[in-house]
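Residues per chain are reported as follows:
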There are 2 protein chains.
Amino acid sequence: MSAKQRPWYTYERIHRFLLGNPIPSSKALHERLSPKLGLPVFAADNLSSISYATEAILAILILGGLGAMRMQIWVSGAIVLLIGIIAYTYQQTIRAYPKGGGSYIVTSENIGPRVGLLAGSALMVDYVLTVAVSIAASATALTSAFPSLHPHLVPISIVGIALVAWANLRGVRESGALFAIPTYGFLVGIFTMLAFGFWRGIEQGVPEHQMVNGQDAYHAAGSVTLFLLLRAFSAGCTALTGIEAVADGVPAFKPPEAKNAILVLRWMVVLLAAMLLGVGLLVQFLPNVSLLPVENPEHRTLISQIAAFSFGGTHNFGFYLIAFMTAAILMLATNTAFADFPRLSSFMARDGFLPRALARQGDRLVFHNGILLLAIAAAVLVWHFKGELDLLLPLYAVSVFLAFTLSQLGMIAHWRRLKAPQGWQRRLAVNVVGAIICGAVMLVILFTKFYEGAWIIAVLLVILYTAFSAIKARYAFITRQLAPSSGLAPAPTSHRSLLMVSRVHKGVIKALEYARLLDPNCLAVHVTLNEKALPDVQRDWKKYGKEVPLVVLSSPYRSLIEPVLDYVDGLLEADPHLAITVIVPEAISSKPHHKLLHDNVASQLKRHLLSRPNVVVSTVRYLLD
Amino acid sequence: MSAKQRPWYTYERIHRFLLGNPIPSSKALHERLSPKLGLPVFAADNLSSISYATEAILAILILGGLGAMRMQIWVSGAIVLLIGIIAYTYQQTIRAYPKGGGSYIVTSENIGPRVGLLAGSALMVDYVLTVAVSIAASATALTSAFPSLHPHLVPISIVGIALVAWANLRGVRESGALFAIPTYGFLVGIFTMLAFGFWRGIEQGVPEHQMVNGQDAYHAAGSVTLFLLLRAFSAGCTALTGIEAVADGVPAFKPPEAKNAILVLRWMVVLLAAMLLGVGLLVQFLPNVSLLPVENPEHRTLISQIAAFSFGGTHNFGFYLIAFMTAAILMLATNTAFADFPRLSSFMARDGFLPRALARQGDRLVFHNGILLLAIAAAVLVWHFKGELDLLLPLYAVSVFLAFTLSQLGMIAHWRRLKAPQGWQRRLAVNVVGAIICGAVMLVILFTKFYEGAWIIAVLLVILYTAFSAIKARYAFITRQLAPSSGLAPAPTSHRSLLMVSRVHKGVIKALEYARLLDPNCLAVHVTLNEKALPDVQRDWKKYGKEVPLVVLSSPYRSLIEPVLDYVDGLLEADPHLAITVIVPEAISSKPHHKLLHDNVASQLKRHLLSRPNVVVSTVRYLLD
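What counts and how
- Residues numbered from 1 in each chain as written.
- Chains lettered and ligands numbered in written order.
- Predicted model: local features only at pLDDT ≥ 70, side-chain atom pairs only at ≥ 80, totals over all residues.
- Heavy atoms only, no water.
- Helix = DSSP H or I, 4+ residues; strand = E, 2+ residues; numbered from the N terminus.
- Buried < 20%, exposed > 50% of the residue type's maximum accessible area, 1.4 Å probe, protein only.
- Contact = heavy atoms within 4.5 Å.
- Expected span 1.5 Å × (residues − 1).
- Polar contact = N/O pair within 3.5 Å; in protein donor to acceptor, adjacent residues only side chain to side chain.
- Patch = residues over 30% accessible without salt bridge, like charges linked within 9 Å, V, L, I, M, F, W, Y side chains within 5 Å.
- Areas by Shrake-Rupley, 256 points an atom, 1.4 Å probe, with all protein chains shown as cover.
- Salt bridge = Lys/Arg side-chain N within 4 Å of Asp/Glu carboxyl O.
- Axes fitted to C-alpha atoms, helices over the stretch in contact; angles between N-to-C directions.
- Parallel < 35°, antiparallel > 145°, perpendicular 65-115°, else oblique.
- Nonpolar A, V, L, I, M, F, W, Y, C, P; charged D, E, K, R; others polar.
- Pairing = 2+ DSSP bridges.
- 1 Å grid on protein atoms, 1.4 Å probe; cavity = no way out; pocket = protein on both sides within 12 Å on 5 of 7 lines; lining within 4 Å.
- Points joined across faces, edges and corners; volume = space filled by probe spheres on them.
- pLDDT = per-residue confidence, 0-100.
- Phe/Tyr/Trp six-rings, centres within 6.5 Å; stacked < 30°, edge-to-face > 60°.
- Lys NZ or Arg CZ within 6 Å of the ring centre and 35° of its normal.
- Disulfide = S-S within 2.5 Å.

A short note on the overall build of chain A
Reasoning step 1: Assigned secondary structure in chain A consists of 22 helices and eight strands.
Reasoning step 2: Scored against the burial criterion, the 625 residues of chain A give a buried share of 57%.
Reasoning step 3: Taking as baseline every contact in chain A between residues at least 6 positions apart, the subset at least 24 positions apart corresponds to 81%.

Set out below in structure tokens:
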């Protein structure tokens, strides 16, 4: 029978068309990246965060009055300082884990699987949020350029997620070339925008009356409490997401891997800091600023307002370039999560914390179940929050800083355990400082964003941690229970085949041949649902039944199932060492919709018989043309 | 193992709780009805139609101007005349078919299965529309009393359908007592309303200025074309739906069945005619009338406007009584369809026009699949038309009159075939007149309502007729193809068991015992997805594998399936007369969510192997606690 005749061929062909042909395991080679190509691959997630971080800070400060907005540049400065510290500590991780030092691995190895699980849970939540936030920011960047698209934020975002998921299901490699254009394009765009902006800004001078959300901010009062400042700082911490990606991906670099990775990390941090400070300063030159979610009829992001200012309007090449490049780099940012989440979940599945299906690689060498899970979770999140960035952002950053803190603690344990190389005490000290700072920032974020959404993440982490522990316990229990050394139940010593006969046709006769091969003393069983048809069945069986006895069971409740159950139970009672195969002939057809025309007795029997230990239900299929 | 330990027990318990315990076939006795109880059971569908028929007539006439509304009473008169004629012809059907003479049976028996199929299709469409229209009218009757509920028309209707479907799945008998209260309550309510209304109307006199939709209709012009009159007549023909229910249900009456059924038919017709004329006359006394779908801010039905007039306001017992009784009798009207549709579809399935699953009675003695199908189809219709009666009504009545016409043609064939009893020529003549009238009305309805919605029904009928014919042809083809007399394929002469081994545990060892019982020379097959685990598997197999050879298959594409397919194909090539059983150990657990933790290899193998004629995939399940 040729492939074209196989009923599953259509399914197979669609599958191949969408996902491409299988790739053998031997091809599982990673493209090694130079620092120039490594920057776009690993920095897209982090660098793209400037598209929302400054705006998020301002959106909080404005709650203290328009005057409070002047604090923005100081908050941005604090964030830049924090970025520097964390990047510095991550250099140590890169050196210590040249094979890749994500939080899950560092904590599992150095502290223990329970703490590792917490880090893993935090990272999983973080990846889902990265996809949701980045795709929503990407869609918002687009709708800033085309405000008429704004009502379609959710469908645009979900199509975006589907596209990235599909590319990853096909097994897009983290290809440097693919990433280089949007990332470098974005960088060139932003820095050009900053240059034009400062040129124009210095020419015009700081405006006397900056209008914020339509009100004059110049003489406006502002009351900046410490809590408000901390909230603004927490909002700005979204700029730090993605900073650990380089440490995760050290083996992807060309040798010397660690050195190249550190180079990329440094460049990333410098670029991010420059953009954050640049945007933070330039905002002060804008004569008009509108902030989400308050008054902003065109739903323009701050970046696109800056672009409009710098390039002198919303209908020029520069303005559209910024919009498209921002949208593109944010799509790439989701791709980073799509590369890391399935890998992380495969590690966790391998360690027994997640269903084994997540550890299985598909025929395109990708962990397809992890990709689908991430896409669905992120889509649900985007849909629930209507694609609005200002609703999604408060959820962000808690889990990131939890993972950072645990990673630092892991490194502390690492140094204390190894007591090497030379100078480990200094490295230990760096990680202690890092752990204290990350832990403090995490607590600040948790408390200041608690009611805005951080509580959801806290609850979610508890649920995930509990669920993953339960899965681990379940697998351990199964392994113990199934260990052959723990003693085996008595095995059946004889076997009987029962052939289900509804009426006599070729399919039944084919199944009869099979039943006789399994057991020459097999029995045929007919359940009478229709008394009138019984004589026909008996007559035909006499003719075609090859002397196999036909057992007739009556069915007072018109069920096919109950009489068979009772009969099987009777046989098992008479001989407890009997194994029974119930053989059900089943029609199959090349057209799926024909299924509706046929009964599905086998699966019902299977469901009802599955508690009988030595009973197997087999379907013998016969093909219909 | 007790019932409580069975994994399917939870499902079973929910099933029992919702639907009740099984009922044995021997209990399939029908309650026999006296005429007093038969009237509510069989007339609810028909009598309830006065809740929308008069309003439907007026809604058409008003298109010709307010003055055109004066023609309403003449149209109502014509409808009453038509009711009388059709009822008269149905008396003959009742006498000729004391075992029940629905259109499907009468036409199939007397003309042939193809015409019968057309009648059956028309009736199926009609039942779906009956449920949709009646439930929408029921919900509208409720929201007329409580206008604030009007935005929730669709959910109310769908809950209503679900309730009636659920009652029917439990196997509600067409219990006279259940039907008597709403039906007689409705009749008492309507006639009391008419009495109060005429009292008040005669006291006040016909109002000089009747305001219709806020405009003075007294001096308004109206241009009544013949087409408009025919359209209004078609709209009124919705009052004739359900008239055939008595003829369908003759055997449900106490003996003498035919006589009692005719008595009920006559009473039904007299009551309907009286209500139609009564409502039609009383409308003229109303000082204010609002008509759907034009200006009617409170969405009150005409009946509830009459009730408000008769009882002097909308906050009194009489007004609410009419609302609730109308809603209740309309719910019962859907119940008639829920009783008849599954019965009809079981006849049609028995004759091979519908999937066999529709002919199967559940353990509560009801045709559960038919009930579900009807509920879903009606719910989709209600949802699509937003629960608005004025959008649903134009679809109605075409299929009813098609069924009427075919039934009359069937009776004509019946008399010509039998040429008995005495005086059959007179009966033939009655049915010829009936056929001409019904056919003419059908054409009038089809043409006048064509663009409003009748075209949908026409298209649907063509689709259903074609689909049902295709199903019949398919079943016939299968029966021919599977006839054992047509020659059998060569049977396999030997058998080999293959046991799939992923790792060695108790479940696998249990399956091994089974595999050896089926075939003492069975083989174990291991697909290496993880090279590192292979030595462990080989070592364990040596220890527990009872000397059964372990075949190791490598898998370059990490698929469990492809290597097995290739191996099986190799065995089949070597010996074409071989039957192969692939045995897959499968974990089962009492908790359904544990399923996610286990792979589902068997169903994948099954799908891929189903085109191999002599290969059977068997799962040997092992229980986990």
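Description of helix α13 (residues 317-350) of chain A
All names here are of chain A.
Reasoning step 1: Compared with the 50 Å implied by 1.5 Å per residue over 34 residues, the 50 Å span of α13 between its first and last C-alpha is a close match.
Reasoning step 2: Taken across its 34 residues, α13 has 25 buried, putting it largely inside the fold.
Reasoning step 3: For α13, the N-terminal cap is N316; the gap from its side-chain oxygen to the backbone nitrogen of G318 is 3.3 Å.
Reasoning step 4: G352 occupies a position one or two residues after α13 and carries a positive phi of about 90 degrees.

Here's the deal with a nonpolar patch on the surface
Residues and elements named next belong to chain B.
Reasoning step 1: Together, F450, Y451, W455, I456, V459 and I463 make up a nonpolar patch on the protein surface, roughly 620 Å² of accessible area in all.
Reasoning step 2: Relative to the helices and strands, Y451 is located in helix α18 (residues 450-482).
Reasoning step 3: Classification of Y451 by relative accessible area gives exposed; the value is 77%.

Digging into the packing of helix α5 (residues 103-110) of chain B against helix α6 (residues 113-145) of chain B
Residues and elements named next belong to chain B.
Reasoning step 1: Running from N to C, α5 and α6 cross one another at 170 degrees; their axes reach a closest spacing of 7 Å. Between α5 and α6, the angle is such that the two are roughly antiparallel. On α6, the residues that touch S103, Y104, T107 and S108 of α5 are P113, V115, G116, L117, A119, G120 and L123.
Reasoning step 2: In the contact of α5 with α6, the residues fall into six nonpolar, five polar and no charged.

What to know about the sheet that holds strand β8 (residues 615-624) of chain A
Residues and elements named next belong to chain A.
Reasoning step 1: Taken in spatial order, the five strands make up an open sheet running β6-β5-β4-β7-β8, and their pairing is parallel. Either end of the sheet is taken by a strand with one partner, and the two such strands are β6 (550-554) and β8. Neighbour to neighbour, the strand axes of the sheet diverge by 30 degrees on average, direction disregarded.
Reasoning step 2: This element, helix α19 (residues 506-518), spans β4 (494-500), β7 (578-589) and β8 of the sheet and lies at about 155 degrees to β7.
Reasoning step 3: Across the sheet, helix α21 (residues 561-574) lies against β4, β5 (523-528), β6, β7 and β8, angled at about 150 degrees from β7, the strand it touches most.

Let's talk about empty space enclosed by the protein
Reasoning step 1: Under the criterion given, the structure shown has eleven cavities of 30 Å³ or more.
Reasoning step 2: Volume-wise, the largest cavity comes out at about 110 Å³.
Reasoning step 3: Surrounding the largest cavity, A:K510, A:T619, A:R621, B:K606, B:L609, B:L610, B:R612, B:P613, B:V615, B:V616 and B:V617 form its lining.
Reasoning step 4: Mapped onto the lining of the largest cavity, the elements with two or more residues apiece are β8 of chain A together with α22 (601-609) and β8 (615-624) of chain B.
Reasoning step 5: Looking at which element gives the most residues to the lining of the largest cavity, the answer is β8(B), with three residues.
Reasoning step 6: Across the lining of the largest cavity, the residue classes tally to six nonpolar, one polar and four charged.
Reasoning step 7: For the second largest cavity, the calculated volume is near 70 Å³.
Reasoning step 8: The wall of the second largest cavity is formed by A:K510, A:E513, A:Y514, A:V620, B:P492, B:A579, B:P613, B:N614, B:V615 and B:V616.

Things to note about the environment of A:Q425
Reasoning step 1: Secondary-structure assignment places A:Q425 in helix α17 (residues 424-448).
Reasoning step 2: Residues A:Q425 and A:W415, ten residues apart in the sequence, show an inter-C-alpha distance of 7.6 Å.

Observations concerning the packing of helix α7 (residues 153-169) of chain B against helix α14 (residues 368-384) of chain B
All names here are of chain B.
Reasoning step 1: One can describe the packing of α7 onto α14 by two numbers: an axis separation of 10 Å at closest approach and a directional angle of 170 degrees. One finds that α7 runs roughly antiparallel with respect to α14. Side by side, α7 and α14 meet where V154, S157, I158, I161, A165, N168 and L169 of the first sit next to H368, I371, L372, A375, A378, A379, V382 and W383 of the second.
Reasoning step 2: Looking at side-chain class alone, the contact of α7 with α14 contains twelve nonpolar, three polar and no charged residues.

Quick look at the environment of A:A429
Reasoning step 1: Within the secondary structure layout, A:A429 lies in helix α17.
Reasoning step 2: Each C-alpha atom of the pair A:A429 and A:I412 lies 8.2 Å from the other, and the pair is 17 residues apart in sequence.

Overview of the sheet that holds strand β3 (residues 288-289) of chain B
Residue and element names in this part refer to chain B.
Reasoning step 1: As summarised here, the arrangement of the three strands in space is β2-β1-β3, forming an open sheet in which the pairing is mixed. Two strands lie at the open edges of the sheet, namely β2 (215-216) and β3, each paired on one side alone.
Reasoning step 2: The pairing of strand β1 (residues 211-212) with β2 spans two bridges and is antiparallel. Bridged to M211 within β2 is D216.

A short note on the confidence of the model for chain A
Low pLDDT marks stretches whose predicted atomic positions should not be read closely.
Residue and element names in this part refer to chain A.
Reasoning step 1: Per-chain confidence: chain A averages 85 in pLDDT, with 90% of residues scoring 70 or above.
Reasoning step 2: Low pLDDT, under 50, characterises residues 1-8; the predicted model gives this stretch 13 contacts beyond four residues in sequence or across chains.
Reasoning step 3: This complex was scored by the predictor with a pTM of 0.70 and an ipTM of 0.72.

Thoughts on the packing of aromatic side chains
Residue and element names in this part refer to chain A.
Reasoning step 1: According to the stated counting rule, one finds 18 aromatic pairs over all chains in the structure shown.
Reasoning step 2: A centroid spacing of 6.2 Å and a plane angle of 85 degrees characterise the contact between F198 and F285, whose relative ring orientation is edge-to-face. Of this pair, F198 sits in helix α8 (residues 176-204) while F285 sits in the loop between α11 (257-282) and β3 (288-289), placing them 87 residues apart in sequence.
Reasoning step 3: For F285, a relative accessible area of 14% puts it in the buried group.
Reasoning step 4: Geometry around F353 places K472 over its ring, the cationic atom sitting 4.9 Å from the centre.

Focus on the pairing of β7(A)
Regular strands place their side chains on alternate faces of the sheet.
All names here are of chain A.
Reasoning step 1: Within β7, twelve of the twelve residues are buried, which leaves the element mostly enclosed by the surrounding structure.
Reasoning step 2: In the sheet, β7 pairs with β8 via ten bridges, with the strands oriented parallel. Within β8, the position partnered with I588 by the bridge is L623.

Focus on the pattern of salt bridges
All names here are of chain A.
Reasoning step 1: Counted under the stated rule, the structure contains 20 salt bridges over all chains.
Reasoning step 2: D519 is the partner of R496 in a salt bridge, and the nearest nitrogen-oxygen pair spans 2.5 Å. Taken as a pair, R496 in strand β4 and D519 in the loop between α19 and β5 lie far apart in primary sequence, 23 residues in all.
Reasoning step 3: Overall, the relative accessible area of 22% leaves R496 in the partly exposed class.

A short note on unusual backbone geometry
Reasoning step 1: For the bond from A:P255 to A:P256, the omega torsion is -5 degrees, close enough to zero to count as cis.
Reasoning step 2: Inspection of the secondary structure assignment puts A:P256 in the loop between α10 (245-248) and α11.
Reasoning step 3: Even without being glycine, B:K386 reaches a positive phi, approximately 55 degrees.
Reasoning step 4: Inspection of the secondary structure assignment puts B:K386 in the loop between α14 and α15 (389-392).

Focus on the pairing of strand β4 (residues 494-500) of chain B
Residue and element names in this part refer to chain B.
Reasoning step 1: The buried fraction of β4 is high, at five of seven residues.
Reasoning step 2: As paired strands, β4 and strand β7 (residues 578-589) are joined by six bridges and run parallel to one another. By the bridge assignment, S494 is partnered in β7 with L578.
Reasoning step 3: Summarising the sheet, β4 and strand β5 (residues 523-528) pair through three bridges and their orientation is parallel. Looking at β5, one finds that L499 is bridged to A524.

Points about the state of the cysteines
Residues and elements named next belong to chain B.
Reasoning step 1: In the structure shown here, the tally under the stated rule is zero disulfides over all chains.
Reasoning step 2: No disulfide involves C237; its sulfur sits 9.6 Å from that of C438, the nearest cysteine.
Reasoning step 3: By relative accessible area, C237 is classed as buried at 1%.
Reasoning step 4: Taking relative accessible area as the criterion, C438 reaches 0% and is therefore assigned buried.

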